[in-house]
Amino acid sequence: MRSISGKQLCKIVEKKGWTLNRITGSHHIYENSENTQILSIPVHRNRDLKVGMLRALMKVAELSEDDLL
């Protein structure tokens, strides 16, 4: 699995129907009307997310590796 930055992940989840609720510090908080969970994506400049963090966020957002391409 290749890693992507938090900024790129924000663009992907917005295309999948998540809406930006608020920005707290360097974390972008997203919510989805279909899903009761929230998604907190760390956006630290243009640094890549670590693989474990990326997988956990993808699981909550119900994304696959194909969605990251």
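(A) Region of interest: the environment of Asp48. Within the fold, Asp48 resides in the loop between β3 (38-42) and α2 (51-61). Separated by 22 residues in sequence, Asp48 and Ser26 place their C-alpha atoms 14 Å apart. Those residues in contact with Asp48 that lie beyond four places of it in its chain are Ser3, Ile4 and Ser5. Here the side chain of Asp48 touches Ser5 through a polar contact of 3.4 Å, landing on its backbone nitrogen.

(B) Region of the structure containing the nonpolar core. Ranked by size, the top nonpolar core spans 17 residues in total, and within it Leu9, Val13, Leu39 and Ile41 carry the most contacts. Contributing elements (two or more residues each) for this core: α1 (6-15), β3 and α2.

Conventions we followed
- Residues numbered from 1 in each chain as written.
- Predicted model: local features only at pLDDT ≥ 70, side-chain atom pairs only at ≥ 80, totals over all residues.
- Heavy atoms only, no water.
- Helix = DSSP H or I, 4+ residues; strand = E, 2+ residues; numbered from the N terminus.
- Contact = heavy atoms within 4.5 Å.
- Polar contact = N/O pair within 3.5 Å; in protein donor to acceptor, adjacent residues only side chain to side chain.
- Core = buried A, V, L, I, M, F, W, Y, C linked by side-chain atoms within 4.5 Å.
- Buried < 20%, exposed > 50% of the residue type's maximum accessible area, 1.4 Å probe, protein only.

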